[in-house]
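Structure assessment
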Amino acid sequence: MVVVTRNRLPELLVTLAHLRALPERPRVVVVDNASSDGTAAEVRRRHPEVEVVALEENLGAAARNVGVGLLGTPYVAFSDDDSWWEPGALRRAAELLDAHPRLALLAGRILVGPEGREDPICAEMRRSPLPREPDLPGPPVLGFLACASVVRREAYLSAGGFDPHVFFGGEEELLAADLAAAGWALVYVEEVVCRHHPSTFRDRRRRRRLGIRNALWFAWMRRPAGVAARQTLEVARSALRDPDAGAALIEALGGLPRRLSSRRVLPPSVEEGLEMLDRERGFRALGAPRAG
């Protein structure tokens, strides 16, 4: 179990209390993204059984790679500092990964807040338009939310984990595509449930700008030239009336040379799936992350 955090000590302590109470008793590694609120010391004091890695710089989503590198377990579950797993969820995830050797990732059902309302992204994954595969335990997906996912460590490491340049904001899409390109399967599983109590300590506008930037980078690195050009034009048009889109476009263009140096167009089978999702829901750079 890997938990990433930064300056959210009160919420992290709630999350750790839930994780430590799980019947599966998972080994928990907290990767602290250079917090300034004493997170590492306080977690060590209150939860000496939890392993803490205190980073000297904020690596964003790539901090998860550090935690996965420390664990030797065949499967790794992720939580954020404001999310945790329901009792029995991790056991069921392990059973499914055992039973389906080409499965790289399970995306779980997310219940939000004290009232436990279902996150809308679950409905997207549940009705994924991608063709069903009889040897998989759920609808195939080409996206997920990291805080509600369980991965096969071998597949995760072979795909390189989360890109360190993407930071946060739709970082899952690139990893999902690379896993699929390598022949791995990703599915949504209803019975694997996590809880998410969204942190009040978040800059929503910054997250949105990063999401737009990262969607462009993904298009430039993995999609055919025509698709990348069309999506870039859509953001450019939006930038005329949307300051966040304009700022994201400028930032994305600043990283264009590096992104093009790592360009690797996806296999036709994976691109067909992305095109199917595009037709179903449209380009997602200006909205929520794609999960179907």
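Residues numbered from 1 in each chain as written. Predicted model: local features only at pLDDT ≥ 70, side-chain atom pairs only at ≥ 80, totals over all residues. Heavy atoms only, no water.

Considering the packing of aromatic side chains
This model, assessed by the stated rule, comprises five aromatic pairs. Look at phenylalanine 167 and phenylalanine 168: their rings are 5.4 Å apart centre to centre, the planes differ by 70°, and that puts the pair in the edge-to-face class. Residue class for phenylalanine 167 comes out partly exposed when judged on its relative accessible area of 26%. Pairwise contacts between aromatic rings join Phe78, Phe144, Tyr156 and Phe162 into one cluster. (Phe/Tyr/Trp six-rings, centres within 6.5 Å; stacked < 30°, edge-to-face > 60°. Buried < 20%, exposed > 50% of the residue type's maximum accessible area, 1.4 Å probe, protein only.)

Describing the packing of helix H9 (residues 225-239) against helix H10 (residues 243-254)
Here H9 crosses H10 at 135°, and the two axes come no closer than 7 Å. Overall, the two elements H9 and H10 adopt an arrangement that is oblique. Seen from above, H9 lies across H10 with left-handed handedness. On H10, the residues touching Thr232, Val235, Ala236, Ser238 and Ala239 of H9 are Ala245, Gly246 and Leu249. (Axes fitted to C-alpha atoms, helices over the stretch in contact; angles between N-to-C directions. Helix = DSSP H or I, 4+ residues; strand = E, 2+ residues; numbered from the N terminus. Parallel < 35°, antiparallel > 145°, perpendicular 65-115°, else oblique. Left-handed = near helix turned anticlockwise from the far one by under 90°. Contact = heavy atoms within 4.5 Å.)

Looking at the environment of glutamate 154
Within the fold, glutamate 154 resides in helix H6 (residues 153-158). Classification of glutamate 154 by relative accessible area gives exposed; the value is 55%.

Brief notes about the confidence of the model for the chain
Averaged over all residues, the pLDDT of the chain is 93; the fraction at 70 or higher stands at 96%. Under a pLDDT of 50 for its full length, residues 285-292 has, in the predicted model, 38 contacts with residues more than four places off or in other chains. (pLDDT = per-residue confidence, 0-100.)

Some points on the packing of helix H8 (residues 204-222) against H9
Remark: H8 packs on H9, axes separated minimally by 9 Å, with the N-to-C direction vectors making an angle of 160°. Taken together, the axes of H8 and H9 lie roughly antiparallel to each other. Crossing hand, H8 versus H9: left-handed. Contact residues: Ile212, Leu216, Ala219 and Trp220 in H8; Ala228, Gln231, Thr232 and Val235 in H9. Looking at side-chain class alone, the contact of H8 with H9 contains six nonpolar, two polar and no charged residues. (Nonpolar A, V, L, I, M, F, W, Y, C, P; charged D, E, K, R; others polar.)

Brief notes about the environment of threonine 200
Relative to the elements of secondary structure, threonine 200 occurs in the loop between strand S9 (185-196) and H8. Accessibility expressed as a relative area gives 66% for threonine 200, which makes it exposed. Separated by 26 residues in sequence, threonine 200 and glycine 226 have C-alpha atoms that sit 39 Å apart.

Observations concerning the pairing of strand S6 (residues 103-112)
Within a regular strand, the side chains alternate between the two sheet faces. With respect to burial, S6 is a largely interior element, nine of its ten residues being buried. Where S6 meets S9, nine bridges bridge the pair, whose relative direction is parallel. Following the sheet pairing, arginine 109 is matched in S9 by valine 193. Relative to strand S8 (residues 149-152), S6 runs antiparallel, the two sharing three bridges. Following the sheet pairing, leucine 106 is matched in S8 by valine 150. As paired strands, S6 and strand S7 (residues 117-118) are joined by two bridges and run antiparallel to one another. (Pairing = 2+ DSSP bridges.)

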